[in-house]
Amino acid sequence: GKILVSGANGFIAAWVVRALLEQGFSVRGTVRSADRCSHLRTTFAEYGDKFELLVVPDITQEGAFDEAVKGVDAIEHTASPFHLRADAKPEDFIVPAVQGTVGILKSALKHGDAIKRIVITGSCASVLQNEPKPTLFSEKDWNNQAPREVSEAEAAGTSDTLPTMTKYRASKTLAERAAWALYEENKGKIGWDLVVLNPPFVFGPTIHDTPTPETLNTSALQFYDMLTKPNPNPSVLLTGSCWVDVRDLGRAHVLALLKSEVAGQRIIVSEGPWVWQDWLDAAPPSDKYQKGNPGSGKNVVHHIMYDARRSVEVLGMKYRTTAETTKDTVADWEARGW
Ligand code: NDP
């Protein structure tokens, strides 16, 4: 079958494309401008005409994906803004996240006659909330806090003061809510079902276009900066979240197509919790990498945790370890001469 992957030039999407091609699927990727194509074409040259690209200039336009969905058997929708530019307005995240998601689903409703499944790259951003005590979140949980904070700030005219992460989290929550609402509305009359994968922080080596460390995507850049730059505030090294290796997440996107049981489910795709010090401890001994206070991460009480049993028991996930991911990520940097 042929699978549509939106935002194919992204960190995660490039690994999704690779996992799909390795599994024998054909892939049609979308990118938003022609200059995003050449790196991908080189990366996947060995797959010949099993890999094609289409430029969708503006995912917020109605009908943007009408041509892209024609003739595909499934969709993996990954395109959505994830950056931490402080001057971004809430709508800079929310409009492309929501309209991109609703738009691709509507194009599928109209023109996706062969489509059996749509997988959306959601996020734990739409699961977690800031809680006063350590919390184990599951697929039953929804982040109502971030959308509420955004709408309150907008009503009060104070959205400039919102943390960028709140705007991003609101965008992911609203996009996922909109996807489920549209799916529920149309369920009886369509040939496809919906799956949402909710990863926490995604780390690992890159195969998308990252000529310099500065061009890394948000999560991989944070990882790079933490390992390679002295931290002015060492207590940051004892903060963290949960994570998944980008290659495992790529595999999860394939499994989400192969397993009929996951129809209609959101699935948290998470290896487990970390604090930055854990990654420093896993880095090879070298002057290039920060040492922090070795071992001090071991006794930290993790504030955010996820119950990822569904990903193992239903999706069939196996997860790489902190040691494996650190080793491969550092090897990737070294191979690039960073
Ligand atoms: P990248 O920034 O590497 O990829 C984002 C992709 O979305 C790119 O193809 C980008 O295109 C596209 N995109 C962003 N904004 C727009 C827009 N306004 N219009 C059209 N396309 C747009 O990030 P990731 O690979 O990390 O993110 C991919 C998905 O994974 C996102 O949905 C993100 O929310 C989700 N996610 C990521 C996590 C992480 O830790 N990395 C964690 C949880 C979820 P272009 O290159 O042209 O900007």
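Residues numbered from 1 in each chain as written. Predicted model: local features only at pLDDT ≥ 70, side-chain atom pairs only at ≥ 80, totals over all residues.

Draft legend 1. Representation of the site of the ligand. Surrounding the ligand, one finds 23 residues, the nearest of these being Gly7, Gly10, Ser80, Asn217 and Ser219. Among the secondary structure elements, those contributing two or more residues to the shell around the ligand are helix H1 (11-22) and strand E8 (201-203). With three residues, H1 is the largest single contributor of residues to the shell around the ligand. Broken down by class, the residue content of the shell around the ligand amounts to eleven nonpolar, nine polar and three charged. (Near = placed C-beta within 6 Å. Helix = DSSP H or I, 4+ residues; strand = E, 2+ residues; numbered from the N terminus. Nonpolar A, V, L, I, M, F, W, Y, C, P; charged D, E, K, R; others polar.)

Draft legend 2. Structural view of the pairing of strand E9 (residues 240-245). Buried residues dominate E9, accounting for five of its six residues. Two elements, E8 and E9, share three bridges in a ladder whose sense is parallel. Bridged to valine 202 within E9 is valine 244. Note that the unit made of E8, helix H6 (residues 218-228) and E9 has a crossover that is right-handed. Relative to strand E11 (residues 272-275), E9 runs antiparallel, the two being bridged by four bridges. Bridged to glycine 240 within E11 is valine 275. (Buried ≥ 20, exposed ≤ 12 C-beta atoms within 10 Å, placed from the backbone. Pairing = 2+ DSSP bridges. Right-handed = clockwise from strand over helix to strand, strands pointing away.)

Draft legend 3. Examining the packing of H1 against helix H7 (residues 246-258) more closely. Running from N to C, H1 and H7 point in directions that differ by 55°, and their axes come no closer than 8 Å. Looking at the two axes, H1 sits oblique to H7. Regarding H1 and H7, the two cross each other, and that crossing is right-handed. Facing Phe11, Ile12, Trp15, Val16, Arg18, Ala19 and Leu20 of H1, the residues of H7 in contact are Val246, Arg247, Leu249, Gly250, Arg251, His253 and Val254. Here the residues of the contact of H1 with H7 sort into nine nonpolar, two polar and three charged. (Axes fitted to C-alpha atoms, helices over the stretch in contact; angles between N-to-C directions. Parallel < 35°, antiparallel > 145°, perpendicular 65-115°, else oblique. Left-handed = near helix turned anticlockwise from the far one by under 90°. Contact = placed C-beta atoms within 7 Å.)

Draft legend 4. Quick peek at the nonpolar core. Val17, Ile75, Ile118, Ala256 and Val269 are the most contacted members of the largest nonpolar core, which has 91 residues in total. In terms of residue count, H1 provides more of this core than any other element does, nine residues in total. Other than its neighbours up to four places away in sequence, isoleucine 75 contacts Leu4, Val69, Ile104, Ala108, Ile115, Ile118 and Val119. (Core = buried A, V, L, I, M, F, W, Y, C linked by C-beta atoms within 7 Å.)

Draft legend 5. Here's a closer look at the sheet that holds strand E7 (residues 193-198). If you walk across this open sheet you meet the seven strands as E3-E2-E1-E4-E5-E7-E10, and the pairing is parallel. At either end of the open sheet lies a strand with only one pairing partner, and these are strand E3 (51-55) and strand E10 (266-268). Geometrically, the sheet is characterised by an average inter-axis angle of 20° between neighbouring strands, direction not taken into account.

Draft legend 6. The arrangement of the packing of helix H4 (residues 145-156) against helix H5 (residues 164-186) in detail. At a minimum axis separation of 8 Å, H4 and H5 run at an interaxial angle of 115°. Judged by the twist between their axes, the crossing of H4 over H5 is left-handed. Across the interface between the two elements, Ala146, Pro147, Glu149 and Val150 of H4 pack against Thr166, Lys167, Arg169, Ala170, Thr173 and Leu174 of H5. Its residues assigned to classes, the contact of H4 with H5 comprises five nonpolar, two polar and three charged.

Draft legend 7. Representation of the UniProt feature "domain: NAD-dependent epimerase/dehydratase" (unreviewed entry) in the protein in the model. If you check UniProt for "domain: NAD-dependent epimerase/dehydratase" (unreviewed entry), the listed places come out as residues 3-262 in our numbering. With 38% helix and 16% strand, residues 3-262 has its two end C-alpha atoms placed 18 Å apart. (UniProt positions renumbered as here; feature names shortened; annotations may be inferred.)

Draft legend 8. Main features of the sheet that holds E8. Judged by pairing direction, the sheet is mixed, and its three strands sit side by side in the order E8-E9-E11 without closing on themselves. Each edge of the open sheet is held by one strand with a lone partner, namely E8 and E11. Neighbour-to-neighbour, the strand axes of the sheet open up by a mean angle of 55°, direction not taken into account.

Draft legend 9. Geometry of the environment of threonine 42. On the secondary structure map, threonine 42 appears in helix H2 (residues 37-43). Classification of threonine 42 as exposed rests on a count of 9 C-beta atoms within 10 Å. Sequence separation between threonine 42 and glycine 337 is 295 residues; the distance between their C-alpha atoms is 20 Å.

Draft legend 10. Fine view of H6. Every buried residue belonging to H6 is among Ala220, Phe223, Tyr224 and Leu227, and all of these are buried. When H6 is viewed along its axis, its buried side chains cluster within an angular range of 100° and face the same direction. Its buried side turned inward, H6 meets H1, E8, helix H8 (276-282) and helix H10 (322-335). (Arc of directions from axis to C-beta.)

Draft legend 11. Broad picture of the confidence of the model for the protein. Averaged over all residues, the pLDDT of the protein is 97; the fraction at 70 or higher stands at 100%. For this predicted complex, the interface confidence score (ipTM) comes to 0.99, while the overall pTM stands at 0.98. (pLDDT = per-residue confidence, 0-100.)

Draft legend 12. Up close: the pairing of strand E5 (residues 117-121). In terms of burial, E5 is largely enclosed, as five of its five residues are buried. Burial of E5 is two-sided: the residues Arg117, Val119 and Thr121 facing one way and the residues Ile118 and Ile120 facing the other way are all buried. Pairing between strand E4 (residues 74-77) and E5: four bridges, direction parallel. For glutamate 76, the partnering residue across the bridge sits in E5 and is valine 119.

Draft legend 13. Representation of H4 within the structure. When the terminal C-alpha atoms of H4 are compared, their 16 Å separation across twelve residues agrees well with the 16 Å that a helix rising 1.5 Å per residue should span. Considered for burial, the residues of H4 that qualify are Ala146, Pro147 and Val150. The buried residues of H4 occupy an angular sector of 100° when the element is viewed end-on, so they sit on one face. Every exposed residue of H4 that faces more than 90 degrees away from the buried side is listed here: Glu152, Ala155 and Ala156. Summarising the contacts, the buried residues of H4 are in contact with helix H3 (90-111) and H5. (Expected span 1.5 Å × (residues − 1).)

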